[in-house]
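Chain residues, written in single-letter form:
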Amino acid sequence: MKTSVKRGYLVNGAAVVLAYALFVVLAATLGQGGSFKLILAPSIWQCCYLILLAASLNLVLGFMGQLSLGHCGFMAIGAYTAALMSLAFQRAGVYDEKSGAVFIGILFLCIISAGLLAAVFGVLVGIPALRLKGDYLAIITLGFGLIIVNVINNLPFAGQNGLAEGSAAASLYATGLGFGSSDRVSYLWVGVGVTILCVTLMFMFIRSKYGRAVRAIRDDEIAAAASGINTGYYKVLTFAFSAFFAGVAGALYACCNASLSTVSFSFTNGSILNSTFVVVMVVLGGMGSLTGSVVSAVIMFLLNYQIANGAWVDALPGFVRGVFTYPMLVYALVLIVIIMFRPKGIFGAYEFSLLRTPRDAAGLFKRRGGKRSRPVGKEAAAQ
């Protein structure tokens, strides 16, 4: 590894660790304050799982060039796995309250198990999808998402109607991973730390030889295969890797909600927790930029939050206010504007690094190309 690359990893890694430490100190300082407890902490939890959703789908859509519409199905698997495992441990008497080293260990065990089970299903989806691409792959993954939601919805031990009926009742789920307002603040370091770790692992995957092989498949699959790259292996690996982090996102979703329902993961639920809007987040930030996925996830959350709770919406003129009553229409308009003025997304393939010069960052928003020089001499004669 080159010295400059090592220095880049060390500088950026140290900056991330320092920022995380400052965040933990700040969260501990604010404690159980009203605004932080009721507004900021839940918002940060939601941003965490949205970031993981967008970044993990970017591995498949942006870096490998394969359209997947069943990403929320992997998230549903992760959410229900983590929730039901926590219930099983609680019923077995392993822990009685949400505190202490035992509960923290179970918390991380549930998160990892959620990701691993989602990865297994990622392999099962990736294998039959090896010979498919484009619209056909999108249809296959869409069907997978619908199947997963319906299967979970009819499992007796999953409570059928989410976790509201059957053996996993909502009152029992309250003793599982579903954090209340105080617990969301107490374990906020877990959600942010897991998100940072997962994004770092995705970044390392993309910068490794595996990531270079995946990008080669995206650029020209036939040429990649002719060069000796096992395209089938790397496709399945990327699907599994992406599904793993979607499952972790589902576990974080289970942590910051007091109950679960399969309606939250359906294809037409009308919220940003929807496979279609996860695709929108990837396109908005830039297909091929994990930095863009992080930023676009935060933007989409803020936009959704302002539409639902912003007092400024009531102050808008009648027609404009009517548009904001249909969030799907607003998201569609945002996407149309981005496609018109920034076809490659906000960041394109750009990744943030502290070692980049201000000139490099400024070049991100410069128009590519320029005036062509006028041909002279032999070039002019040839034309």
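Thresholds applied
- Sequence order as written defines residue numbering, which begins from 1 separately in each chain.
- Two thresholds apply to this predicted model, a pLDDT of at least 70 for residue-level local features and 80 or more for giving and counting side-chain atom pairs, whereas whole-chain, interface and lining totals are computed over all residues.
- Think of the side-chain values as coming from all heavy atoms in the structure, minus any hydrogens and water.
- Surface patches are defined over residues having more than 30% relative accessible area and no salt bridge, joining like charges when they lie within 9 Å and nonpolar side chains (Val, Leu, Ile, Met, Phe, Trp, Tyr) when within 5 Å.
- Shrake-Rupley sampling with a 1.4 Å probe provides the accessible areas, and residues are treated as covered by the protein chains on show and by no other component.
- Each salt bridge in this description consists of a side-chain nitrogen of Lys or Arg and a carboxyl oxygen of Asp or Glu lying within 4 Å of one another.
- Strands here are runs of E lasting at least two residues and helices are runs of H or I lasting at least four, both read from the DSSP assignment and numbered beginning at the N terminus.
- The cut-offs for exposure are 20% and 50% of the maximum accessible area for each residue type, with area from a 1.4 Å probe on protein chains only; residues under the lower value are buried, those over the upper are exposed, and the others partly exposed.
- To obtain each axis, a line is fitted to C-alpha atoms, and for helices this fit is confined to the stretch in contact; angles are then taken between N-to-C directions over 0 to 180 degrees.
- Working definition: roughly parallel below 35 degrees, roughly antiparallel above 145 degrees, roughly perpendicular at 65 to 115 degrees, and oblique for all remaining angles.
- Here, two residues are considered to be in contact whenever any of their heavy atoms come within 4.5 Å of each other.
- Note on residue categories: nonpolar means Ala, Val, Leu, Ile, Met, Phe, Trp, Tyr, Cys or Pro, charged means Asp, Glu, Lys or Arg, and polar means any other residue, Gly included.
- Pairing of aromatic rings covers Phe, Tyr and Trp, the last counted by its six-membered ring, and requires centre-to-centre distances within 6.5 Å; plane angles under 30 degrees mean stacked, over 60 mean edge-to-face, and any other angle means tilted.
- Expected helix span is computed as 1.5 Å times (number of residues minus one).
- Of all possible arcs, the one meant is that of the directions from the helix axis to the C-beta atoms.
- By convention the crossing between two helices is left-handed if the near helix lies anticlockwise of the far one by an angle smaller than a right angle, and right-handed if it lies clockwise.
- Per-residue confidence from the predictor is given as pLDDT, running between 0 and 100.

A. Summary view of a nonpolar patch on the surface. Together, Tyr326, Leu329, Leu333, Ile336, Val337, Met340 and Phe341 give the surface a local cluster of nonpolar side chains, amounting to about 760 Å² of exposed area. As for its position among the elements, Val337 is in helix H15 (residues 327-341). Residue classification places Val337 among the partly exposed residues on the basis of a relative accessible area of 44%.

B. Representation of the packing of helix H9 (residues 209-219) against helix H11 (residues 231-255). Their axes nearest at 10 Å, the elements H9 and H11 cross at an angle of 110 degrees. Between H9 and H11, the crossing angle belongs to the class labelled roughly perpendicular. Where H9 approaches H11, its residues Tyr210, Ala213, Val214 and Ile217 are matched on the opposing element by Thr231, Tyr233, Tyr234, Lys235, Leu237 and Thr238. Its residues assigned to classes, the contact of H9 with H11 comprises seven nonpolar, two polar and one charged.

C. The pattern of salt bridges, seen in detail. Per the stated rule, a full pass over the model turns up two salt bridges. Across the pair Arg218 and Asp219 runs a salt bridge, and its minimum N-O distance is 3.3 Å. With a relative accessible area of 33%, Arg218 lands in the partly exposed category. Two residues, Lys235 and Glu221, come together in a salt bridge whose shortest N-O distance is 3.0 Å. Here Glu221 lies in helix H10 (residues 221-226) and Lys235 lies in helix H11, a separation of 14 residues in the sequence.

D. Highlighting the packing of aromatic side chains. Counted by the stated rule, this structure contains 11 aromatic pairs. Taken together, the ring pairs connect Phe205, Tyr210, Tyr233, Tyr234, Phe241, Phe244 and Phe245 into an aromatic cluster.

E. View of helix H5 (residues 135-153). An ideal rise of 1.5 Å per residue puts 27 Å on 19 residues; H5 measures up with 27 Å between its terminal C-alpha atoms. Residues of H5 that are buried include every one of Leu137, Ala138, Thr141, Phe144, Gly145, Ile148, Val149 and Ile152, and no others. Projected onto a plane normal to the axis of H5, the buried residues spread over an arc of 125 degrees and lie on a single side. For H5, the exposed residues set more than 90 degrees away from the buried face come down to Asp135, Tyr136, Ile139 and Ile147.

F. Quick look at the environment of Leu302. In this structure, Leu302 sits in helix H13 (residues 290-309). According to the relative accessible area criterion, Leu302 is partly exposed, its value standing at 44%. Residues Leu302 and Cys47, 255 residues apart in the sequence, show an inter-C-alpha distance of 9.1 Å.

G. How the structure looks around helix H3 (residues 71-91). In this model H3 runs 31 Å from its N-terminal to its C-terminal C-alpha over 21 residues, within 8% of the 30 Å that 1.5 Å per residue would give. The buried count for H3 comes to 16 of 21 residues, which makes it a mostly enclosed element. Two residues or fewer past H3, Gly93 is found with a positive phi of approximately 80 degrees.

H. The arrangement of the packing of H3 against helix H4 (residues 100-126) in detail. Contact pair H3 / H4: the axes reach a minimum separation of 8 Å and the direction vectors enclose 140 degrees. The way H3 lies across H4 gives a crossing that is right-handed. Along the contact surface, H3 presents Phe74, Ile77, Gly78, Thr81, Ala82, Met85, Ser86 and Phe89, while H4 presents Ile106, Leu109, Cys110, Ser113, Ala114, Leu117, Ala118, Phe121, Gly122 and Val125. Looking at the contact of H3 with H4, its residues break down into 13 nonpolar, five polar and no charged.

I. Looking closely at the confidence of the model for the protein chain. Across the protein chain, the average pLDDT comes to 79, with 80% of residues at 70 or higher. The model gives residues 368-374 a pLDDT under 50, and that stretch makes one contact with residues more than four places away or in other chains.

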